[in-house]
Amino acid sequence: MAKAKGLSVREGDVMVMVGTMKGAFLFRADAKRRRWERSGPYLQGNPVYALAYDGRRGRHRLWASANNPFFGTTLRASDDFGAQWTQPKEPNIAFPKKTKLSLLNIWQVVLGNAAEPDTLYCGVEPAALFVSHDAGEKWELVKGLHDHPHRAKWEPGGGGLCLHTIVPHPKDPKRMHIAVSTGGVYRTTNGGKTWAASNKGVRAEFRPDKYPVFGQCVHKIDRHPSKPDRLFLQNHWGLYRSDNGGRSWTDIANGVPSDFGFPMLTHPHRANWAYIMPLESDGFRCMPSAKLRVFRTKNAGKSWEPLARGLPQKDAYETVLRDGLAADALRPAGIYFGTRSGRLYASANDGASWKLVADSLPPITCVKTAVIGREARSA
Amino acid sequence: MTVRVRLPEPLRAFADGERDIAVEGASTVRAVFARLAETHPGVRHRVLTETGDVRPHVNVYVGDENIRYLKGLDSPVRDGDTVFVLPAVSGGQ
């Protein structure tokens, strides 16, 4: 297959980055988000579980985890929207020898707090956190988490033992939450030196003790930048909200067809709004009643409403993975999701109506967005 | 003593585009990759994991024999042998 050209973007464009099991695709539209152009596939043949855009300090850098099925996982970068990608000779993310661990996959790439414009974080499998303080040149294992006594008892979920979610604090660079399947949520308040399990009230349906200190299979957490102590959580069975920075969680599965699912997304501007995509069950990971619906709360989880206009409501045996749902930063917000059957949908009006942007992509693992020139980071 | 390492196409980018690399003075496959790591670290890291094991979807042969059925990385090599690195049929997306 011919090498894909880079995406041609202009200031103010919305870029949607889509990771799939066979490479990455990029989409762009102007701020109206009516017409989408596509480029890719990039990193062909490599499952891409993590994508990020770093527009800080004048950069235009895409980050992608390339999980080469033969030759291992590396973190690769492009400074020209996909035309060329770095190919590090030695893996940039690697466990120190004394850990006796080998990298299996990179699940998440996240930019650090605004006060740290050269900091990036990676969540990997086996579950661990890596940090770079020089814009991705050098990476090191976050030892405070790696040395946590709970780590030896974390167990792999269906996707492996992975640290899949990193949620930096919007104001305090020393505070952060991470989530591990299966280990649960952990938080640090001292820049990663120490970590506390943050799972009080979160149920572990698959264990004899239903409310352990740790060991929950948390699928995704998200927080609103204007209200950083409020977090939403999609669990392996269970929907929760915390209003105290994760110290405890309240059940908010009020009126949803199922509280099983993977993504959890807060609205970029409204702290009471969040989006989920429930699945029938852990045994049948498809949309309830075979209707493709996004569910939204406008009251922090007291109730949820289905959003279905423009989405198939019959025979839609779809699955959306934990990083398959994203929002852009415009008003009204663009909401995007990608399915395991390779369909990418977009809404330009907070989810009120939807359009199919792409069909027949490989299975979609992650969807991320950025507004070029207006924001420094992907969401 | 010289052993030749033959690389699959995707790994030649880490060996200045060469298909074959000559390795001197190694008596086992493990030693071959240790020597190779000195000159072509990118090859070594794509064949072996951080813990030094052959990646699950990579096969290494000495001549016609897969080292998994010999002594693994401790399989001996002799002067003139060719060590083949090949993507396994079990991998791929």
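What you see is a predicted model, and the numbers here were worked out from it, not measured in a lab.

Novice: Hey, could you go over unusual backbone geometry for me, with residue numbers and the actual values?
Specialist: Residue and element names in this part refer to chain A. For the bond running from Gly 40 to Pro 41, omega is 5 degrees, close enough to zero to count as cis. Looking at where Pro 41 falls in the secondary structure, it is placed in strand 3 (residues 37-42). In this chain, Ser 181 is followed by Thr 182 through a cis amide linkage whose omega measures -10 degrees. Considering the arrangement of structural elements, one finds Thr 182 in the loop between strand 12 (176-181) and strand 13 (184-188). The phi dihedral of Ala 290 is positive, around 55 degrees, even though this residue is not glycine. When you line up the elements, Ala 290 lands in the loop between strand 20 (274-279) and strand 21 (294-297).

Novice: Which residues make up the pairing of strand 8 (residues 120-125) of chain A, and what values go with them?
Specialist: All names here are of chain A. Within strand 8, 6 of the 6 residues are buried, leaving the element largely enclosed by the surrounding structure. With 6 bridges joining them, strand 7 (residues 105-111) and strand 8 adopt antiparallel strand pairing. Across the sheet, residue Val 110 finds its bridge partner in strand 8, namely Tyr 121. Sheet analysis places strand 8 next to strand 9 (residues 128-132), joined by 5 bridges and oriented antiparallel. Of the residues in strand 9, the one forming a bridge with Val 124 is Ala 128.

Novice: Got a sec to walk through the nonpolar core? Specific residues and values, please.
Specialist: Ranked by internal contacts, the top residues of the largest apolar core, which has 111 residues, are A:Val18, A:Leu51 and A:Val109. Excluding residues within four positions of it along the chain, A:Val18 makes contact with A:Ala24, A:Phe25, A:Phe27, A:Gly338, A:Leu344, A:Leu361, A:Ile364 and A:Val367. With 26 residues, the next largest nonpolar core counts B:Leu11, B:Val58, B:Val62 and B:Val77 among its residues.

Novice: Which residues make up the sheet that holds strand 23 (residues 325-327) of chain A, and what values do they have?
Specialist: Residue and element names in this part refer to chain A. Strand order in the open sheet made by the 4 strands is 23-24-25-26, with antiparallel pairing throughout. The strands lining the two open edges of the sheet, one partner per strand, are strand 23 and strand 26 (355-358). Adjacent strand axes in the sheet meet at a mean angle of 25 degrees when their direction is disregarded. By the bridge criterion, 3 bridges tie strand 25 (residues 344-347) to strand 26 in an arrangement that is antiparallel. Residue Tyr 345 lies in a different strand from strand 26, and its bridge partner there is Leu 356.

Quick notes on the rules
- Residues numbered from 1 in each chain as written.
- Chains lettered and ligands numbered in written order.
- Predicted model: local features only at pLDDT ≥ 70, side-chain atom pairs only at ≥ 80, totals over all residues.
- Helix = DSSP H or I, 4+ residues; strand = E, 2+ residues; numbered from the N terminus.
- Buried ≥ 20, exposed ≤ 12 C-beta atoms within 10 Å, placed from the backbone.
- Pairing = 2+ DSSP bridges.
- Core = buried A, V, L, I, M, F, W, Y, C linked by C-beta atoms within 7 Å.
- Contact = placed C-beta atoms within 7 Å.
- Axes fitted to C-alpha atoms, helices over the stretch in contact; angles between N-to-C directions.

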